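If you want the building blocks of each chain, they are given just below.
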Amino acid sequence: MNKLPLCPYSRLCGGCNYQGIEYDEQLNKKQSYVNELLSEFAKVNDIIPAENPYNYRNKVHASYRYQKGNVLAGMYQENSHKLVAIDGCQIENQKAREIVQDIKTLIKSFKLTIYDEVEKRGFLRHVLVRTGHNTGQVLVTLIVGEAIFPSKNNFIKALLKLHPEITTIIMNINNKKTSMILGDREIVIYGKGYIEDILCGKKFRISPKSFYQVNPVQTEILYSKAIEYAELTGKERVLDAYCGIGTIGIIASDYAKELIGVELNKDAIKDAIVNAKNNKANNIKFFNDDAGQFMLNLASNKEKIDVVLMDPPRAGSDEVFLKSVVSLAPKKVVYISCNPETLARDLKYLTNNGYNTKIIQPVDMFPFTEHIENCVLLSKN
Ligand code: SAH
């Protein structure tokens, strides 16, 4: 077997567990894994590879540490307060990585303090950079332990001088004892407070706390598959469950009569409402709710849904949701999943309760990692 050179940080970072493995071999491993877990339900298509498996991640995260008067950027080792310095990454967007690296020099010249995870004090905690692949817009979130930002305006000026491509900067205040990166409170300190990206010809606004797929090139392929599987004719009433900022529903809105989207995250729903308006998708409505509870209400009101598009987080869906799908009895369910194990569990429920799995399409959204996305079509018996 051919071996690729190992990323120098791979042993400490642990983010890419398929490091050193040729891309074709990575795909083979993912295909066998998906076949093993899911072929009992339906034919598993050949995995759709990424044309370029490098530098796809549109989101880059770093923490910082002073060492002998210099500043290091990197990440905390799992379950520890030990920062591993990382100066480059094969899968991250290069521009975002450059910004994260250059912030090291600014921390030093502005003498910013760094939040101490043990002492629970200090200023800068993390930096998160998100990029709009098709718009070039760049969002920098500075996650800080306290809201007082010494020499804020000069810091912003210096950062923009190094990276004029940055379109917005946000200060996120997280003073909690937590391993969660983002806190609740946000202050926009430069620009409009969000970025936009274009997917399948539609423009989407993305707020700092809203979910957005990390590999936008593969996302277009994935969503196109989902919409192809839904076989919409313009007459359907469609539910987009776990809709995030409304991407799938808004893309599908050209082909359906009416759509409803449901999502738990408040910021994401606000984005979704604006996104529908900006894309002139007048036939879609969004609701901020737990998908299961929302579905239960639809079922008890005996609403008519023709197609369910669902894209839950790694934990998969839940029985409240799936039970209501069964009682609403849509003709088709298109299930997009980032975790084959919870997908297998949920497919078992649906196939035991009146649905047939028609086709399973794996898409490689996360080269160099073991993760794999699947798009599945189910139809009512
Ligand atoms: N379809 C979107 C988002 C998919 S990620 C896209 O492709 O961009 C999964 C989404 O489910 C996230 O936005 C998350 O906030 C949301 N979510 C998680 N648990 C939920 C629940 N119980 N009910 C509704 N939405 C939920």
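**A few points about the side chain of Lys104**
Checked against the element boundaries, Lys104 lands in helix α3 (residues 94-109). On the basis of relative accessible area, Lys104 is assigned to the buried category, the value being 18%. What Lys104 contacts, discounting residues up to four positions off in sequence, is Tyr64, Val71, Leu72, Ala73 and Asp87.

**Here we look at the sheet that holds strand β12 (residues 258-263)**
Strand order in the open sheet formed by eight strands is β1-β16-β17-β15-β14-β11-β12-β13, and the pairing between neighbours is mixed. Either end of the sheet is taken by a strand with one partner, and the two such strands are β1 (43-44) and β13 (284-288). Each of β15 (332-337), β16 (355-363) and β17 (373-380) is contacted by helix α10 (residues 340-352), which is oriented at about 0° to β17, the strand it contacts most.

**Concerning the packing of helix α9 (residues 319-328) against α10**
At their nearest, the axes of α9 and α10 sit 10 Å apart, and the two run at 30° to each other. For the element pair α9 / α10, the angle class is roughly parallel. The handedness of the crossing between α9 and α10 is right-handed. In this structure, α9 contributes Glu319, Leu322, Lys323, Val325 and Val326 to the contact, and α10 contributes Asp346, Tyr349 and Leu350. Looking at the contact of α9 with α10 residue by residue, the class counts come to five nonpolar, no polar and three charged.

**Some details on the nonpolar core**
The biggest cluster of nonpolar side chains holds 47 residues, and the ones touching the most others in it are Phe286, Leu309 and Val334. Here this core gets six residues from one element, more than from any other, and that element is helix α5 (residues 216-230). The contacts of Phe286, once residues within four sequence positions are left out, are Cys243, Gly246, Ile250, Gly261, Ile269, Ala272, Ile273 and Ala276.

**Let's talk about the site of the ligand**
Within the structure, the ligand sits among 16 residues, and Tyr223, Glu263, Asp290, Ala291 and Asp311 are positioned closest to it. Between the ligand and Thr247, the relevant distance is 3.4 Å, taken from an oxygen atom to a side-chain nitrogen or oxygen of the residue. One of the side-chain N or O atoms of Asp290 is found 2.7 Å from a nitrogen atom in the ligand. Here the ligand, which alone exposes 570 Å², has 87% of that area covered by the protein. Taken together, the residues that form the shell around the ligand break down as eight nonpolar, four polar and four charged.

Rules of the game
Throughout, a residue's number is its position along its own chain's written sequence, starting from 1. This being a predicted model, a pLDDT of at least 70 is required before a residue's local features are given, and a value of 80 or more before pairs of side-chain atoms are given or counted; all residues contribute to the totals for chains, interfaces and linings. Heavy atoms throughout the structure, all of them, feed into the side-chain values; hydrogens and water do not. Comment: elements are numbered from the N terminus, with helices defined as DSSP H or I runs of at least four residues and strands as E runs of at least two. For every residue, the accessible area obtained with a 1.4 Å probe (protein chains only) is divided by the maximum for its type, and the residue is called buried under 20%, exposed over 50%, and partly exposed between those limits. Contacts were defined at the residue level, with two residues in contact if any of their heavy atoms lie within 4.5 Å. Two strands make a pair as long as DSSP finds a minimum of two bridges between them. An axis is simply a line fitted to the C-alpha atoms; with a helix, the fit covers only the stretch in contact. Between two such axes, the angle follows the N-to-C directions and lies from 0 to 180 degrees. Relative orientations are named as follows: roughly parallel for angles under 35 degrees, roughly antiparallel for angles over 145 degrees, roughly perpendicular for angles from 65 to 115 degrees, and oblique for any other angle. With the far helix as reference, a near helix turned anticlockwise by less than a right angle produces a left-handed crossing, and one turned clockwise produces a right-handed crossing. Residues are grouped as follows: Ala, Val, Leu, Ile, Met, Phe, Trp, Tyr, Cys and Pro are nonpolar; Asp, Glu, Lys and Arg are charged; all remaining types, including Gly, are polar. Within this scheme, the nonpolar core is defined by two criteria: the residues are buried Ala, Val, Leu, Ile, Met, Phe, Trp, Tyr or Cys, and they are joined through side-chain atoms within 4.5 Å. Nearness is judged by heavy atoms alone; a residue qualifies as near a molecule or strand once a single heavy atom is within 4 Å of it. The term polar contact refers here to a pair of N or O atoms within 3.5 Å; inside protein, the definition further demands a hydrogen-donor-capable atom paired with an acceptor-capable atom, and it admits residues adjacent in sequence only when both atoms are side-chain atoms. Each accessible area is a Shrake-Rupley result for a 1.4 Å probe, and residues are judged covered by the shown protein chains and nothing else.

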